Every structure is written in C-alpha cells, then in structure tokens.
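Per-entry structural report
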Amino acid sequence: MITDILIRPVEGSFDDDVIKARIEAIPYTALDPIQGVEYLIADSDDALVDALERRREDPRRFPTDVILVSAVPEAVSIGYRAADPEPARGLVLWLRQRYEVRILDERYNDLTDRCDDNLALLFGPPREHPLERLPRE
C-alpha cells in the first residue's frame, strides 16, 4: 500500500468547488480546524470528534487514525497511516471516473499504469464496496 498519494489531472485542472463538495459529502469528514485547508476523514462520528479535539490540543500534529485530504485545482493529496483507506479509495475512483488523472506516490513516481480498477496497489484489496460511503449522485 502507498500511504501518500497525489492525484493530478492529465490536462487542465480539477473543478475546485466540485472536488471539495465531493470530499465534504464523505461521511465523518470535517475541514481541519487549525489550517482550514485539509480535510480529516474518520470512520465514525466519535472518531471524527476525537480527532478534531486532538488536533486542537496539539496543532503541530495530525492524528494518524484519520485520512488527510487536501484539494487544489492542480492536485488532490491523500495521506493515511492507520486509517481505513476505503473512503480514500472511493474518492480516487470517483476522480478517475470524471477526469483523466495521473496517480503519483510520495516521491512523485507515476503509478497510473500500475493501478487496477480497484486500486489495490494504493489501498490493498477492498474490504467493502469503495463507493458505499459516498452518496449517490
């Protein structure tokens, strides 16, 4: 599994408002209360509340049991350590359905051609349907 992922559009840029709206639609997601640029995605409401509290208590650190996502028109960055990767998998699948993208690791190695339909290289084998946690359009 790759724990730091960068998704870039092959041409042009992402629609920032659409991408952020999609991230915000993922259950148990909140904008970072300190910097206000990254999203924290947890696996339950209690876990999200706990992560936000820990973030406020120590603004120098991010909890490792959440997924961190930042989005700008040029790229979507995803980082996770101990978090369940399924919401991140769902987001990347959604991006791939809408844009032609390049998938890079933390060293900017292009992994696009090595990624299968369920993104096992990035997230391991899926444990649940990856789009279950994203609302239907």
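All figures in this text were calculated on a predicted structure; none of them were measured in a lab.

**Some details on helix 2 (residues 45-57)**
Here helix 2 spans 18 Å end to end across 13 residues, near enough to the 18 Å set by a 1.5 Å rise per residue. Residues of helix 2 that are buried make contact with strand 2 (29-31) and strand 3 (38-41).

**Here's the deal with the packing of aromatic side chains**
On inspection of all chains with the given rule, the structure shows 2 aromatic pairs. Where Phe-14 meets Tyr-99, the ring centres are 4.8 Å apart and the plane angle is 80°; that geometry is what we call edge-to-face. Here Phe-14, found in the loop between strand 1 (4-9) and helix 1 (16-24), pairs with Tyr-99, found in the loop between helix 3 (86-98) and strand 6 (101-104); they are 85 residues apart in sequence, far enough to count as distant. Like Phe-14, the residue Tyr-99 is buried in the burial classification. Positioned over the ring face of Phe-62 is Arg-55, at 3.7 Å from the centre of the ring.

**Section: the sheet that holds strand 4 (residues 67-72)**
In space, the 6 strands of this open sheet follow the order 2-3-4-5-1-6, with antiparallel pairing throughout. Edge positions in the sheet fall to strand 2 and strand 6, since each has one partner strand and no second. Strand-to-strand twist across the sheet, computed as the mean angle between neighbouring axes with direction ignored, equals 20°. Two strands pair when backbone bridges link them, and strand 4 and strand 5 (residues 75-79) are joined in this way by 5 bridges, in the antiparallel orientation. In the sheet register, Val-69 faces strand 5, and the bridge partner there is Ile-78. Strands in contact with helix 2 are strand 2 and strand 3; relative to strand 2, the strand with the most contacts, it is inclined by about 25°. Against the sheet, helix 3 makes contact with strand 1, strand 3, strand 4, strand 5 and strand 6, and its axis sits at roughly 160° relative to strand 5, the strand it touches most.

About the thresholds
- Residues numbered from 1 in each chain as written.
- Predicted model: local features only at pLDDT ≥ 70, side-chain atom pairs only at ≥ 80, totals over all residues.
- Heavy atoms only, no water.
- Helix = DSSP H or I, 4+ residues; strand = E, 2+ residues; numbered from the N terminus.
- Expected span 1.5 Å × (residues − 1).
- Contact = heavy atoms within 4.5 Å.
- Phe/Tyr/Trp six-rings, centres within 6.5 Å; stacked < 30°, edge-to-face > 60°.
- Buried < 20%, exposed > 50% of the residue type's maximum accessible area, 1.4 Å probe, protein only.
- Lys NZ or Arg CZ within 6 Å of the ring centre and 35° of its normal.
- Pairing = 2+ DSSP bridges.
- Axes fitted to C-alpha atoms, helices over the stretch in contact; angles between N-to-C directions.

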